[in-house]
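Coordinates in review
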Amino acid sequence: MVFVALALSLLLATSTVLGSPIARLHDPFPPTPKTPKGLLCNLPIPMVQKLLCPRQIANSDPAVITPLGTAHGVDDTANAVRFAVRYGTAARWEPSSVVTSWQLPNGNTNASSLPLACPQDGIDEDAMSEDCLSLLLYVPTSISPGSDVPTMMWIHGGSFTQGSATFPGLDGSNFAAATGSIVAVIQYRLGALGLMAPNGNMNLAVQDVMTAMNFLQTVLPSFGGSPSKITIAGQSSGATMIRALLATPSASSLFQSAILQSDPMDYGFLSAATQQTLQTYFNGLLPCSTTDVSCLNNISIDDLLGFTDNLSNTALTLDQSVGLGEPLRVVRDGSLITTPLDDTAPFPAVSKPIMVSNVKNEAGLSIYSDNAFPDSVAPTLYDEVVEGTFGDPDTSFVLANPNYAIPPSAQNNANTDARPTLEKLGTDQIWRCPGWTFARNWIGGGGNAYVGLYVVGASYPGNDAVSFCTESGIVCHQDDIEIVFGTVPSPTSQQATLTAEMQARYKAFMNTGNPNVAGHANWQLATASDVHALTLGGSGEVAAGGCDPSFFGDVVQYDYQKFDI
Ligand SMILES: *[C@@H]1O[C@H](CO)[C@@H](O)[C@H](O)[C@H]1NC(C)=O
Ligand SMILES: *[C@@H]1O[C@H](CO)[C@@H](O)[C@H](O)[C@H]1NC(C)=O
Ligand SMILES: *[C@@H]1O[C@H](CO)[C@@H](O)[C@H](O)[C@H]1NC(C)=O
């Protein structure tokens, strides 16, 4: 769950304008926006735009007429044009609404400027702003209005407290070009600003994502995208956000399919009661009454982040059900999010196709970090950690399971390091097994699900702080991101091969709901008895191990079951 981000700037490959396909596809002459054609193009009439309007006004200033105004982009990569845009506005702790005109983020006047991140720890104050409901749109140069291509809307991770559209690896150009689809990398309010409103507004961050989808519905046709072909994809808490959207009936018409990468599903959503407990504590930290709007609006970002840290560090002592990883998270409030989407309540009827993936060593970053176990773990310590995590009677079930037992031969060996077993246990408990359970439940509800496990990755910037994550054959949390985006800096042939495979599969999935493509292994649909998890970067299916339905989720329950979230 540790989300370490060192680099902030998005490094975009540069290319000469003349050499780019845009120069060949579009009118090379300077813009004449004052012509009648240009005027007509300002009318929000799709047919007029489709027939009469040039998509690109000029190569040095790629511009697209949208119903909200003219979008200016930059084509500083060879294969896609990037548009930065503010999609929504919101007063502090109030719901967001879609913008009424096309604007660059943060009052920028230069189309190559990148949006400021939402307020968070770990980045410079001048790199963030509360005015952060922006997105980056990557449009392949191969499409034009009428192409009706799909869009992948990416929701970044970072435990609902960190991350942005400009974090490393999220340049959508390569993915857009390789798949012939549009990529939208969005931002949404983080931390207390998105999820702990003193006035009782819940799930503002979820509503921000819906605002972004509403914005896309309006503008995609102008770029060649189909509003009815939006696939939402995200990693870690970004995938938790997607699970929330799958549990939000009012979001259902806004997207057609979903890809959940490395969602820590063990935690479930927050219950309304737990949210109330955390909210009451948080409100107590504030120097204002919860109804004094001018005082609340006057709290500095710095102070707010401090109060948020205090809440994050205290949450587990207030309510055990928050767990360690994402104390601030989406809330099953009963109005927006109406179901836990697990077996603690009747599973709703579902129909959207989903993909659910994990990486091989999800827990590696946490287990091997300096804060946890930088040194070898002896078998006795392993038993204590399991006891401390699972309590009784679950500890005895875990230690009796051959997948998580230290073999007798290793028990008394002074050289035994139990961390690999601990890492496997953490991966299975928090991520992999609840993901498989989710897929089985989804099938039970009538939907289609494809399950996969990455055994090849690309070490995400910052993950090298934990040396385990740089070892050959280890795929830690976030190491799937650059593979999917095709942004691995110097890919090995194995990485390049997997990127090509995943982009082909994502393309097929976004177009048809099925990730099977010629030339690659058959990816079987999950069934209620066997999720058929495909090895991504290897061959064959993944052994169930502790993710057998008779162990995790049954003999040993998930947190969301124990706490009935
Ligand atoms: C816009 O920003 C880019 C990148 O910083 C810079 O190269 C360019 O000169 C700027 N354009 C204008 C018109 O200021
Ligand atoms: C706003 O905050 C400043 C210092 O943080 C304080 O001096 C001022 O009185 C506050 N104003 C209101 C309206 O609360
Ligand atoms: C949270 O804030 C309270 C009140 O200022 C303080 O007493 C407490 O030590 C803080 N806790 C943490 C974990 O920062």
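Parameters and conventions
Residues numbered from 1 in each chain as written. Chains lettered and ligands numbered in written order. Predicted model: local features only at pLDDT ≥ 70, side-chain atom pairs only at ≥ 80, totals over all residues. Heavy atoms only, no water. UniProt positions renumbered as here; feature names shortened; annotations may be inferred. Helix = DSSP H or I, 4+ residues; strand = E, 2+ residues; numbered from the N terminus. Buried < 20%, exposed > 50% of the residue type's maximum accessible area, 1.4 Å probe, protein only. Polar contact = N/O pair within 3.5 Å; in protein donor to acceptor, adjacent residues only side chain to side chain. Contact = heavy atoms within 4.5 Å. Expected span 1.5 Å × (residues − 1). Bend = angle between axes of the 7 residues up to and from the residue. Patch = residues over 30% accessible without salt bridge, like charges linked within 9 Å, V, L, I, M, F, W, Y side chains within 5 Å. Areas by Shrake-Rupley, 256 points an atom, 1.4 Å probe, with all protein chains shown as cover. Salt bridge = Lys/Arg side-chain N within 4 Å of Asp/Glu carboxyl O. Lys, Arg positive; Asp, Glu negative; His and termini not counted. Charge placed at Lys NZ, Arg CZ, Asp CG, Glu CD. Core = buried A, V, L, I, M, F, W, Y, C linked by side-chain atoms within 4.5 Å. Domains from an automatic or database assignment. Pairing = 2+ DSSP bridges. Right-handed = clockwise from strand over helix to strand, strands pointing away. Axes fitted to C-alpha atoms, helices over the stretch in contact; angles between N-to-C directions. Parallel < 35°, antiparallel > 145°, perpendicular 65-115°, else oblique. Left-handed = near helix turned anticlockwise from the far one by under 90°. Nonpolar A, V, L, I, M, F, W, Y, C, P; charged D, E, K, R; others polar.

The name given to the protein in an unreviewed UniProt entry is Carboxylic ester hydrolase, with Hermanssonia centrifuga as the source organism. According to the UniProt record, the Sequence similarities (unreviewed entry) comment for the protein is "Belongs to the type-B carboxylesterase/lipase family."

A few points about the side chain of Gln561
Inspection of the secondary structure assignment puts Gln561 in helix α18 (residues 559–562). Take Gln561: its relative accessible area is 11%, and that puts it in the buried class. One polar contact links the side chain of Gln561 to the main-chain carbonyl oxygen of Gly553, over a distance of 3.0 Å. Beyond its immediate sequence surroundings of up to four residues, Gln561 is in contact with Asp343, Thr344 and Gly553.

A word on helix α6 (residues 204–223)
Given a rise of 1.5 Å per residue, 20 residues ought to cover 28 Å, and the 28 Å separating the end C-alpha atoms of α6 matches this to within 8%. Most pronounced at Gln217, the bend in α6 amounts to some 40 degrees, and the proline Pro221 follows within four residues. Of all the 20 residues making up α6, 15 are buried; the element is thus mostly covered by neighbouring parts of the structure. Looking one or two residues past α6, Gly224 carries a phi angle of roughly 105 degrees, positive in sign.

Things to note about a negative patch on the surface
Side chains of Asp124, Glu125, Asp126, Asp302 and Asp303 sit close together on the surface and give a patch of like negative charge. Residue classification places Asp302 among the exposed positions, given a relative accessible area of 51%.

Quick look at the nonpolar core
Counting 104 residues, the largest nonpolar core has Met153 and Leu245 as its most contacted members. At 11 residues, α6 tops the list of elements feeding residues into this core. Taken together, domain 1 (60–235 + 270–328) and domain 2 (360–541 + 551–564) each give at least three residues to this core, which thus spans both. For Met153, the residues in contact, after removing those within four places along its chain, are Ala184, Ile186, Val209, Ala212, Met213, Leu216, Ile230, Thr231, Ile232 and Ala233. One finds Phe175, Val183, Val185 and Leu534 within the second-largest nonpolar core, a separate group that totals 36 residues.

Quick word on the pairing of strand β7 (residues 149–155)
Within β7, 7 of the 7 residues are buried, which leaves the element mostly enclosed by the surrounding structure. Here 6 bridges tie β7 to strand β9 (residues 225–235), and the two strands are oriented parallel to one another. When the bridges of β9 are listed, Val149 appears paired with Gly225. Bridge count between β7 and strand β8 (residues 182–186): 5 bridges; the pairing is parallel. Across the sheet, Met152 pairs through a bridge with Val183, a residue of β8. Handedness of the crossover is the feature at issue here: the chain leaves β7, passes through helix α4 (residues 173–179), returns alongside β8, and the resulting connection is right-handed.

Quick look at the pattern of salt bridges
Applying the stated criterion across every chain yields a total of 8 salt bridges. Where Asp428 meets Arg432, a salt bridge forms, and the shortest distance between an N and an O atom there is 2.9 Å. Here Arg432 and Asp428 lie together in helix α15 (residues 419–444), a separation of 4 residues that amounts to about one turn. Each member of the pair Asp428 and Arg432 is classed as buried.

With respect to the packing of helix α12 (residues 379–390) against α15
Where α12 contacts α15, the axes come no closer than 11 Å and their chain directions differ by 15 degrees. Relative to α15, α12 is oriented roughly parallel. Along this stretch, α12 crosses α15, giving a crossing that reads as right-handed. Seen from α12, the contacting residues are Tyr382, Val385, Val386, Thr389 and Phe390; seen from α15, they are Thr421, Leu422, Leu425 and Gln429. Of the residues belonging to the contact of α12 with α15, the class tally is 6 nonpolar, 3 polar and no charged.

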